[in-house]
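Chain by chain, the residues run as shown.
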Amino acid sequence: MIRLPVNSLWKSFRLMSFLILLTNLCYADNPVGIINDDVVFRTVLQKPVQEINYNQMTYIRQTFTDGEWENMSQTIAMYDDLGKIIEEISHSWKDNEWVNTAKHNYSYDESEQLTEKLRKVWRDEEWIESLKINYIYDDKGYLAEELRQNFSSDEWTASSKSRYIYDEKMNMIHEYRDRLIDDTWEPSLEVIYTYDDQGRLIEELSGHFRTSGTNVTKRNYTYYDRDLLIERAQSSWNNDLEE
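Report on the accompanying structure. From a predicted model like this one, the values you see are computed outputs, not experimental measurements. (Residues numbered from 1 in each chain as written. Predicted model: local features only at pLDDT ≥ 70, side-chain atom pairs only at ≥ 80, totals over all residues. Heavy atoms only, no water.)

## What about the overall build of the protein chain?
Note the threshold: Each helix is a run of H or I in the DSSP string that is no shorter than four residues. Each strand is a run of E no shorter than two, and both are numbered from the N terminus. Any residue under 20% of the maximum accessible area for its type is buried, any over 50% is exposed, and the rest in between are partly exposed; the area is computed with a 1.4 Å probe on protein chains only.
A tally of helices and strands in the protein chain yields one helix and 17 strands. Counting every position in the protein chain, which comprises 243 residues, the buried fraction comes to 34%.

## Focus: the environment of Leu143
Note that Leu143 resides in strand 11 (residues 143-152). As a C-alpha pair, Leu143 and Leu114 span 29 residues in sequence and 9.5 Å in three-dimensional space.

## Looking at the packing of aromatic side chains
To be explicit about the condition: Centre distance within 6.5 Å is the pairing criterion for rings of Phe, Tyr and Trp, where only the six-membered ring of Trp is used; planes under 30 degrees apart are then read as stacked, over 60 as edge-to-face, and the remainder as tilted. For a ring to carry a charge above it, either NZ of a lysine or CZ of an arginine must fall within 6 Å of the ring centroid while also lying within 35 degrees of the normal to the ring plane.
Overall, the coordinates contain five aromatic pairs when judged by the stated rule. Geometrically, the ring pair formed by Tyr142 and Tyr166 is tilted, given 5.3 Å between the ring centres and 55° between the ring planes. Separated by 24 residues along the polypeptide, Tyr142 in the loop between strand 10 (126-137) and strand 11 and Tyr166 in strand 12 (residues 155-166) bring together distant segments of the chain. In this arrangement the basic side chain of Lys84 is found over the ring face of Tyr108, its NZ or CZ atom lying 5.0 Å from the centre.

## Here's the deal with a nonpolar patch on the surface
Stated formally: Patch membership requires more than 30% relative accessible area and the absence of a salt bridge. Residues of like charge join within 9 Å; the nonpolar side chains Val, Leu, Ile, Met, Phe, Trp and Tyr join within 5 Å. Using a 1.4 Å probe, accessible areas were evaluated by the Shrake-Rupley method; residue-level cover was limited to the displayed protein chains. By convention in these notes, a salt bridge is any Lys or Arg side-chain nitrogen within 4 Å of a carboxyl oxygen on Asp or Glu.
On the surface, a nonpolar cluster with roughly 320 Å² of combined accessible area is contributed by Tyr224, Leu228 and Ile230. Tracing the backbone through its elements, the reader meets Leu228 in the loop between strand 16 (213-223) and strand 17 (229-240).

## Brief notes about the pattern of salt bridges
Considering all chains together, one arrives at six salt bridges under this definition. Among the ionic pairs, Asp80 bridges to Lys84, the shortest N-O distance being 2.6 Å. For the pair Asp80 and Lys84, a shared accessibility class is recorded, and that class is buried. We note a salt bridge from Glu204 to Arg219, for which the minimum N-O separation is 3.9 Å. Separated by 15 residues along the polypeptide, Glu204 in strand 15 (residues 201-210) and Arg219 in strand 16 bring together distant segments of the chain.

## A closer look at the nonpolar core
Put simply, the rule is: Residues enter a nonpolar core if they are buried and are Ala, Val, Leu, Ile, Met, Phe, Trp, Tyr or Cys, with the set joined through side-chain atoms within 4.5 Å.
Grouped together as the largest cluster of nonpolar side chains are 19 residues, with contacts concentrated most on Tyr166, Met172, Tyr193 and Leu201. For this core, the secondary-structure elements that each account for two or more residues are strand 10, strand 12, strand 14 (184-195) and strand 16. Top element by residues in this core is strand 14. It accounts for four residues.

## What about the pairing of strand 14?
So the rule is basically this: Pairing between two strands is assigned when DSSP locates at least 2 bridges connecting them.
Summarising the sheet, strand 13 (residues 172-181) and strand 14 pair through eight bridges and their orientation is antiparallel. Within strand 14, the residue paired with His174 across the bridge is Ile192. Connecting strand 13 to the antiparallel partner strand 14 that follows it, the hairpin turn spans two residues, and Asp182 within it adopts a positive phi of roughly 50°. Summarising the sheet, strand 14 and strand 15 pair through seven bridges and their orientation is antiparallel. Within the sheet, the bridge partner assigned to Ile192 lies in strand 15 and is Leu205. What sits between the antiparallel neighbours strand 14 and strand 15 is a turn of five residues, in which Gly199 has the positive phi angle 80°.

Right under this line is the structure:
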């Protein structure tokens, strides 16, 4: 098995998500969009709605067409008293109304660590279980494994699993993902994370394993002062096996 390059998966994901959020997030009472020629997208954040046992936030994705803002999708997120997300409900805009599409429920252990994410899809006017992810932590509280299961024919069946390796600074440096094929776990993905002296992710090297070879992708990150990400470069190539 080849070994490929990464530092913290969560740092990378959170950083990129935060930058994307900054570019197109606006509030309902002061909507602003990102304009690209004739196409404009924006995400509208509704003001929080205080409920008895949780906080609710609503995000609406819109597009600018023919001089008007049109709804695309909506996500309603609900949090407990400690600020942990407990449920997300997604809708699509169809025939001038919001239509259910998917729901995610989150479960935690006594240490407030996420232990399960359950996905349901809206089908035939009811929520149908679709995907379940279970999270396992090491003795230091860091994510060590994920197990994904699909729901079909009234039972859960394992589909893939991931393992995470950390360095002495507890930066994630390796991710391994296997998928279950004919009752045998086969390598599917390997990612190596590399960090600079300040603990910032500077490179991801990932390999997707196929029967014909390995599809390799490398991402490099460049930062400015105050850890501001200013550039992300990506390159890909195939290591096809000779027949």
